[in-house]
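Overview (structure and organization)
Each chain, letter by letter, is given below.
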Amino acid sequence: MTDLTVSADLLRPAAAAPRAVNRDKIAETAKAFEATFISQMLKPMFEGLSTDRMFGGGQGEATWRSFMLDEMAKSTVKAGGIGLSNTIMAEMLKMQEGRQ
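Per an unreviewed UniProt entry, the chain goes by the name Rod-binding protein and belongs to Brevundimonas fontaquae.

Some words on the pattern of salt bridges
Under the criterion given, the structure shown has two salt bridges. Where Glu-71 meets Lys-74, a salt bridge forms, and the shortest distance between an N and an O atom there is 3.4 Å. Here the residue Glu-71 and the residue Lys-74 both occupy positions in helix α3 (residues 58-78), the gap between them amounting to three residues, near one helical turn. You can call Glu-71 partly exposed: its relative accessible area is 45%. Close ionic contact of Glu-91 with Lys-94 constitutes a salt bridge, the shortest N to O distance being 3.5 Å. On the criterion of helical spacing, the pair formed by Glu-91 and Lys-94 is a turn pair, its members being three residues apart in helix α4 (residues 84-99). Note on Glu-91: relative accessible area 40%, which makes it partly exposed.

A word on the environment of Leu-84
With respect to the helices, strands and loops of the structure, Leu-84 is situated in helix α4. A residue is classified by how much of its surface remains accessible, and Leu-84, at 22% relative accessible area, is partly exposed. Along the sequence, Leu-84 and Phe-37 sit 47 residues apart, while their C-alpha atoms lie 9.0 Å from each other. Aside from chain neighbours lying at most four places away, what touches Leu-84 is Phe-33, Glu-34 and Phe-37.

Some points on the packing of aromatic side chains
In this structure the tally under the stated criterion is one aromatic pair. Aromatic side chains Trp-64 and Phe-67 sit 5.1 Å apart centroid to centroid with 40° between the ring planes, which places their arrangement in the tilted category. With Trp-64 and Phe-67 both in helix α3 and three residues apart, this pair spans about one turn of that helix. The class of Phe-67 is partly exposed, set by a relative accessible area of 47%.

Cut-offs used in this document
Residues numbered from 1 in each chain as written. Predicted model: local features only at pLDDT ≥ 70, side-chain atom pairs only at ≥ 80, totals over all residues. Heavy atoms only, no water. Salt bridge = Lys/Arg side-chain N within 4 Å of Asp/Glu carboxyl O. Helix = DSSP H or I, 4+ residues; strand = E, 2+ residues; numbered from the N terminus. Buried < 20%, exposed > 50% of the residue type's maximum accessible area, 1.4 Å probe, protein only. Contact = heavy atoms within 4.5 Å. Phe/Tyr/Trp six-rings, centres within 6.5 Å; stacked < 30°, edge-to-face > 60°.

What follows is the structure, given as structure tokens:
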């Protein structure tokens, strides 16, 4: 059995977080979160719909419905959303500033 040694690199303090805030990436992440939230809120609205009637999509419609809901949510966010992404972005910026 060998002795365990601690690398000197592990004992050095961690480098400070970068000062530059990538607002575009944070905004993109906040909008993606809002789209996911909206998609999950839309999901129960469509669960009870029957797709077996004439002109219904049948099993295929039921299979691909989640993709339709995701795209509806993304379109909603692109059109202005429900205001959730602004709050999420503000909180993410506060969290990032707190780390620095």
